[in-house]
Structures are given as C-alpha cells and as structure tokens.
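Report on the structure
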Amino acid sequence: MIMATPAYKRILLKLSGEALMGDDSYGINRATLERIVSEINEVVKLRVQVAIVIGGGNIFRGVALGASGMDRATADYMGMLATVINALALQDVMRQAGLSGRVQSALNIEQVVEPYIRGKAMRYLEEGKVVIFAAGTGNPFFTTDTAAALRGMEMNVDIVLKATKVDGVYTEDPKAHSDAMRYQKLSFDEAIIKNLKVMDATALTLCRDQKLPINIFSILKPCALKRVVLGEDEGTLVHC
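Keep in mind it's a predicted model, so treat the numbers as computed, not measured.

**A word on the overall build of the chain**
Across its full length, the chain carries nine helices and nine strands. The C-alpha atoms of the chain give 17 Å as radius of gyration, which agrees with the globular expectation for 240 residues (18 Å, within 12%). Counting only C-alpha atoms and orienting by the principal axes, one finds that the chain spans roughly 50 × 45 × 35 Å. Looking at the chain as a whole, 51% of its 240 residues are labelled buried. Considering only contacts in the chain between residues 6 or more positions apart, those separated by 24 or more positions represent 73%.

**A short note on unusual backbone geometry**
We note that Ala135 has phi near 70°; this positive angle belongs to a residue other than glycine. Along the chain, Ala135 turns up in the loop between β5 (130-134) and α6 (144-154). You can call Ala135 buried: its relative accessible area is 0%. The backbone phi angle of Lys211 is positive, close to 55°, even though this residue is not glycine. Take Lys211: it is sitting in the loop between α8 (201-209) and β8 (214-218).

**As for the packing of helix α1 (residues 30-44) against helix α4 (residues 72-96)**
As a packed pair, α1 and α4 sit with axes 10 Å apart at the nearest point and diverge in direction by 65°. The element α1 and its partner α4 pack so that their crossing is right-handed. Only Ala89, Leu90, Asp92, Val93, Met94 and Gln96 of α4 make contact with α1, whose side of the interface consists of Arg30, Leu33, Glu34, Val37 and Ile40.

**Some points on the side chain of Asp145**
Structurally, the position occupied by Asp145 is in helix α6. A distance of 3.3 Å separates the side chain of Asp145 from the backbone nitrogen of Asp200, its partner in a polar contact. When neighbours within four sequence positions are excluded, Asp145 is seen to be in contact with Lys14, Lys162, Met199, Asp200 and Ala203.

**Focus on α8**
Every buried residue of α8 is accounted for by Ala203, Leu204 and Cys207. Down the axis of α8, the buried set is contained in an arc of 95°. They therefore lie on one face. Taken together, the buried residues of α8 touch α6, α7 (188-193) and β8. The residue sitting at the N-terminus of α8 and contributing the capping side-chain oxygen is Asp200; that oxygen lies 2.9 Å from the backbone nitrogen of Thr202. Phi turns positive, to about 55°, at Lys211, one or two residues after α8.

**Some remarks on the layout of surface pockets**
Estimates place the volume of the second largest pocket at around 350 Å³. Tallied by class, residues from the lining of the second largest pocket come to seven nonpolar, three polar and five charged.

**Concerning the sheet that holds β8**
Spatially, the nine strands line up as an open sheet ordered β4-β3-β5-β2-β1-β6-β8-β9-β7, and their pairing is mixed. Two strands close off the open sheet at either side, each with one partner strand: β4 (114-115) and β7 (185-187). When strand β6 (residues 159-164) meets β8, the two strands line up parallel, connected through five bridges. Its bridge partner being in β8, Val160 is matched across the sheet by Ile214. Of the strands in this sheet, β1 (10-15), β2 (49-54), β3 (101-105) and β5 touch α4, which is tilted by about 165° from β5. Of the strands in this sheet, β1, β2, β5 and β6 are in contact with α6, which crosses β1 at around 170°.

**With respect to the nonpolar core**
Formed by 44 residues in total, the largest nonpolar core has its most connected members in Leu15 and Ile40. Looking at this core, the element that brings in the most residues is α4, giving seven residues. Core analysis: the next-biggest nonpolar cluster, separate from the first, contains 31 residues, Tyr116, Val131, Ala148 and Leu186 among them.

Calculation rules
Residues numbered from 1 in each chain as written. Predicted model: local features only at pLDDT ≥ 70, side-chain atom pairs only at ≥ 80, totals over all residues. Heavy atoms only, no water. Helix = DSSP H or I, 4+ residues; strand = E, 2+ residues; numbered from the N terminus. Rg over C-alpha atoms; globule rule 2.2 N^0.38 Å. Buried < 20%, exposed > 50% of the residue type's maximum accessible area, 1.4 Å probe, protein only. Contact = heavy atoms within 4.5 Å. Axes fitted to C-alpha atoms, helices over the stretch in contact; angles between N-to-C directions. Left-handed = near helix turned anticlockwise from the far one by under 90°. Polar contact = N/O pair within 3.5 Å; in protein donor to acceptor, adjacent residues only side chain to side chain. Arc of directions from axis to C-beta. 1 Å grid on protein atoms, 1.4 Å probe; cavity = no way out; pocket = protein on both sides within 12 Å on 5 of 7 lines; lining within 4 Å. Points joined across faces, edges and corners; volume = space filled by probe spheres on them. Nonpolar A, V, L, I, M, F, W, Y, C, P; charged D, E, K, R; others polar. Pairing = 2+ DSSP bridges. Core = buried A, V, L, I, M, F, W, Y, C linked by side-chain atoms within 4.5 Å.

So, in structure tokens, the structure goes:
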C-alpha cells in the first residue's frame with residue numbers, strides 16, 4: 001500500500017471551543033471530541049507534525065452572562081483558563097485513542113500542565129507528539145486566532161489550518177444566500193480589503209507579513225482535515 005504524500009510537513013490546527021460542543025449549547029460533547037481526535041489521528045498517520053491552538057468559547061460563553069460588566073482583562077483571563085480545560089480534555093481523548101499529546105500553557109499552571117517552552121515544543125513535534133497550546137498568548141486583549149498565528153510562526157509550521165463550522169470563506173453568508181460562492185483561494189490583501197472575517201485583523205496581518213498561509217475549512221465535514229493536508233481542493237486557501 002502506497003502512503004499518500006502530504007503537502008505539508010508541519011501544521012498548526014486552530015480549533016475553536018465551539019467546535020467541541022457538537023449539538024450541545026455549551027460544554028464538551030464527548031462524541032464530537034472523539035471524532036475530531038480521529039480526524040487528527042489520520043493526519044498523524046501521514047507523519048505530519050501537528051500543533052494545536054484551542055479556544056475556550058464553549059466554556060467561557062456559558063458563564064459570559066455572569067461576566068458581563070466585568071473588567072476586560074479579568075474576563076480574558078477567565079477565557080484563557082477555559083482553553084486549558086479544553087486542552088486537557090483533548091489530551092485525554094488522544095491518550096485513549098493511542099495518540100501521544102502534550103499540553104503547554106502560556107499561563108503558568110505547573111501543577112496541571114507544562115509551561116510554554118518553544119524548544120521543548122519543537123522537540124515534541126519532531127518526536128511525533130501532538131502539541132496542544134493552551135491559554136492563548138498568555139496576554140489579555142489578544143484572541144486565540146492571534147495565538148494560532150504566533151505559535152504557528154514560532155513552530156515554523158508550513159500552514160495554519162482554521163477549523164470552523166463552514167467549509168471555507170464565501171462571498172456571502174451561505175446560510176442566508178443559496179447563491180453564495182466559496183472562494184477556493186484568496187490573497188491576504190483581498191481578505192483584508194473585503195473584510196471577509198477569515199481571522200481577526202491582528203492574526204491575518206501577522207500571517208501576511210510572515211508569508212504564512214491559512215486554510216479555512218469545516219471540522220464538521222468528514223475527512224476534510226486530511227484532504228487539506230494532502231493539498232486537495234478543500235476549504236479556502238489564503239496566501240500571499
């Protein structure tokens with residue numbers, strides 16, 4: 001059996017917290033998490049090195065009403081802690097699936113997870129372990145999109161893959177407009193000028209300046225992650 005040749009050697013997967021909810025209104029849906037891990041496992045089998053930045057919206061939005069009126073920095077730290085919860089859940093399901101995962105946190109919580117150390121994370125990737133980056137950048141006022149761009153550059157990845165609920169970037173909202181067209185490819189400047197909400201502006205600008213491509217695809221679509229890694233026409237590729 002001939003193994004398919006991946007288009008990328010090392011990737012950074014940006015997973016939103018909402019992706020872990022499945023059909024639930026908040027929290028972590030076990031079946032959804034197991035399916036996502038199965039998709040990641042298929043990519044690891046191709047000997048692709050995988051780093052992950054995970055969000056916390058599935059947990060933090062569940063307490064967002066209680067956080068209303070709260071200091072922005074405090075609320076952001078709460079969101080960072082939510083990403084640590086998600087990272088631990090993801091690591092545990094990986095372990096049960098036979099995948100070796102390591103969690104590194106931008107916030108120092110050494111009793112629970114390792115602190116973020118670039119050299120150690122690079123070594124884990126070279127050893128074939130999946131590295132899960134939690135707590136965003138460790139700074140308030142920055143999104144996990146920005147954390148994905150930053151960690152992607154630090155890890156020298158070939159591409160950032162943003163997993164969403166939509167299979168790419170469209171000319172209009174595909175749910176509201178049946179004639180909306182998916183962009184197969186976009187330049188960074190097009191995405192910024194057209195305000196296409198690919199990622200937040202800081203993340204998009206960082207990737208553009210470092211010539212780090214982004215692919216936006218649906219994590220809900222079976223085998224979509226593998227298709228992206230194999231360089232097939234899946235999602236929307238944003239590049240220089």
